[in-house]
Amino acid sequence: MPTPRKRLDPIKVILEMLYFAVLAVILLAFLAPLLWMLLNAFKTPLQIIKLPPDLIFTPTLDNFINVFRYQNFAQYIWNSVLIAAGSTGLGLLIGLPAAHSIARYKQRLFGVIILVARIVPGITFLIPLYIIYRQLGLIDTYLSLILSHALVTLPFIVWVMVPFFEAIPHELEEAARVDGASILQTFVQIVLPISGPGIVTSSILAFVFSWNNFMFSIVLATNKTKTVPVAIYNFISYAQIDWGGLMAAAVLITLPVLILALITQRYIVAGLTAGAVKG
Amino acid sequence: MHTFLDRYARWIFPLPALIFIVAMMIFPLGYTLWNSLTGWSLSAGRPPTFIGLDNYVRLFQDERFQGAVVRTFYFTALAVFVEMVLGVAIALFLHRDFRGKRVITSILLLPMMATPVAIAMVWLLMYEPTAGIINFVLKQVGLPRGMWIGANDTVIPSLVLVDVWQWTPMIVLICLAGLTALPRDPFESAIVDGASYWQITRHITLPLLMPTITVAMLLRSIDALKTFDIIYTMTLGGPGFSSETLNILTYQYAFYYLHFGYASSLLVVFFALVLGVSLLTTYLRRTVEV
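Residues numbered from 1 in each chain as written. Chains lettered and ligands numbered in written order. Predicted model: local features only at pLDDT ≥ 70, side-chain atom pairs only at ≥ 80, totals over all residues.

K.L.:
Quick question: what am I supposed to make of the nonpolar core here?
P.N.:
For soluble globular proteins, nonpolar side chains are generally found buried alongside one another. Grouped together as the largest cluster of nonpolar side chains are 158 residues, with contacts concentrated most on A:Ile232, A:Ala250, B:Met121, B:Leu159 and B:Cys175. Looking at this core element by element, the count peaks at 16 residues for helix H7 (residues 142-166) of chain A. The residues that make up this core include at least three from each of domain 1 (10-62) and domain 2 (64-272) of chain A. Residues within four places of A:Ile232 in sequence aside, it is in contact with A:Leu246, A:Ala249, A:Ala250, A:Ile253, B:Val117, B:Ala118 and B:Met121. (Core = buried A, V, L, I, M, F, W, Y, C linked by C-beta atoms within 7 Å. Buried ≥ 20, exposed ≤ 12 C-beta atoms within 10 Å, placed from the backbone. Helix = DSSP H or I, 4+ residues; strand = E, 2+ residues; numbered from the N terminus. Domains from an automatic or database assignment. Contact = placed C-beta atoms within 7 Å.)

K.L.:
What is the right way to read helix H1 (residues 10-41) of chain A from this model?
P.N.:
Turn by turn, an α-helix covers 3.6 residues, leaving residues three or four places apart pointing in a common direction. Compared with the 46 Å implied by 1.5 Å per residue over 32 residues, the 44 Å span of H1(A) between its first and last C-alpha is a close match. Within H1(A), burial applies to A:Ile26, A:Phe30, A:Pro33, A:Leu34, A:Met37, A:Asn40 and A:Ala41. (Expected span 1.5 Å × (residues − 1).)

K.L.:
Can you walk me through unusual backbone geometry in this structure?
P.N.:
Residues and elements named next belong to chain B. Although it is not a glycine, Leu-236 adopts a positive phi angle of roughly 55°. Looking at the secondary structure, you find Leu-236 in the loop between helix H12 (229-234) and helix H13 (246-256). A residue is classified by how many C-beta atoms lie within 10 Å of it, and Leu-236, with 14 of them, is partly exposed. The residue Leu-258 is not glycine, and still its phi comes out positive at about 60°. Residue placement: Leu-258 occurs in the loop between H13 and helix H14 (260-289).

K.L.:
What am I meant to see in the domain arrangement of chain A here?
P.N.:
When the parts of a complex come together, some accessible area is lost, and that lost area is often taken as the interface size. Residues and elements named next belong to chain A. As far as domains go, chain A holds domain 1 (10-62) and domain 2 (64-272). Relative to domain 2, the C-alpha centre of domain 1 lies at a distance of 33 Å. The partner domain 2 presents nine residues to the ten residues of domain 1 that form the contact. Contributions of two or more residues to the side of domain 1 that touches domain 2 are made by H1 and helix H2 (45-48). Looking at side-chain class alone, the side of domain 1 that touches domain 2 contains six nonpolar, two polar and two charged residues. (Nonpolar A, V, L, I, M, F, W, Y, C, P; charged D, E, K, R; others polar.)

K.L.:
How should the interface of chain A and chain B be read in this particular structure?
P.N.:
With 68 residues of chain A at the interface, the matching set in chain B holds 72 residues. Split into classes, the residues belonging to the side of chain A that touches chain B amount to 57 nonpolar, eleven polar and no charged.

Here's what the structure looks like:
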């Protein structure tokens with residue numbers, strides 16, 4: 001508990017300095033690997049393995065250029081964007097009405113069933129889906145990846161949106177109904193607009209989770225629809241690891257996510273614990 | 001048209017999601033359950049014929065499975081323990097006002113939002129025995145260099161370190177949110193009574209924070225049991241089988257050996273374990289809250 005102080009007490013000043021020193025160490029520990037990634041993405045292969053490492057050096061863009069030249073990286077980024085956007089869109093389309101219904105009619109059981117998707121190991125869905133997709137010839141198609149990534153986005157969207165919808169006063173919807181609006185009109189014209197912030201945050205986070213997903217993609221995307229995480233992993237399958245290219249690719253995939261995360265930071269904790277608080 | 005929708009809205013609104021859930025979750029779960037009772041293997045050319053509980057009998061005699069169970073719990077227990085202790089400590093440390101606190105929470109968000117595969121690659125570079133920065137620093141300060149993910153006995157702690165780096169921030173952020181929401185009264189009266197910071201922390205803050213801590217622990221345990229990306233991309237379960245957890249083993253049986261039946265029985269057991277742990281933690285949480 002900080003108390004207002006008028007005179008500078010030397011012991012307090014030292015304690016304060018100590019406090020911020022410890023704080024700096026903690027922050028550095030959590031930042032260091034990311035900074036290391038960024039730093040090495042701009043180094044030549046020789047500079048990367050040089051010890052002690054140069055902290056000041058002439059940065060090179062070669063790694064980034066090579067990633068796009070020798071790997072089909074632009075294609076992988078496009079695949080990731082398409083699949084993440086598709087599965088987020090699908091999650092919103094079917095998740096928003098469901099979340100509203102769960103909130104409005106207290107369909108708790110349905111909510112819990114959706115939550116099970118968070119508990120079940122993802123691979124449980126993967127074996128059956130792989131078998132079914134194989135039979136339908138859907139392996140390595142955008143459709144199969146969007147559908148399976150929706151297993152990640154849908155539960156998330158539902159569990160973030162249920163509390164949002166619950167917070168909307170009943171009277172607001174009833175007033176619209178009395179004025180002759182249908183339930184669909186009420187939902188689209190009244191409920192959705194006031195839930196804007198929640199929808200934006202949950203979609204951004206759902207997008208990030210799909211973008212980060214590795215397991216579904218490594219099984220279901222073999223070539224044409226390969227996403228960035230799988231592409232990065234394939235980098236190290238070669239005998240000689242190109243650390244520079246690897247770090248450049250890692251920066252390329254992480255940077256957009258981190259920017260999105262910072263935009264939505266206020267809601268992230270709430271989002272990550274969604275479901276657990278109520279379930 | 002509108003009246004129909006209006007009358008049955010409570011069934012029509014959740015319907016698309018329900019269809020999706022049935023087709024993509026419940027049906028696959030049932031299918032996995034059925035597969036676990038068959039000897040289906042693509043690689044051995046065995047068709048999906050019913051063999052009863054044979055897979056389960058074999059599974060419990062499978063030493064690779066037993067090892068994976070032990071390793072999964074070892075990894076989870078170690079990771080969650082370290083994350084909880086560090087996370088709560090850092091949250092208590094940060095729980096005061098100072099300028100730029102929002103910057104701190106922003107930085108804490110980064111490890112857990114970053115793409116796990118990218119994170120794994122950086123740690124791979126840092127753990128690299130000869131060219132990696134970690135061994136270099138250790139050598140500079142006169143400590144022995146480690147093999148990290150390259151040796152049987154250090155591979156799991158090394159993977160745990162990555163998990164700790166990535167997920168301690170989540171515990172910190174959840175606990176910080178919990179701390180901010182605590183009632184003021186108990187603290188004020190304790191200060192009036194002349195209690196020290198440690199007494200307040202031990203007898204007031206931590207007990208009041210307990211529900212939040214258990215929620216955080218529940219979430220972390222479920223996810224830690226299922227850790228896949230980091231382990232698969234960094235070690236593939238190696239060296240040997242020394243970091244092969246249940247998730248990795250199932251993946252190998254299913255998509256490397258293509259033993260769909262056997263892998264399915266493994267999944268059923270795995271799922272039961274995760275469910276058991278979640279129920280146990282939920283139960284603990286209830287007892288704590290009373």
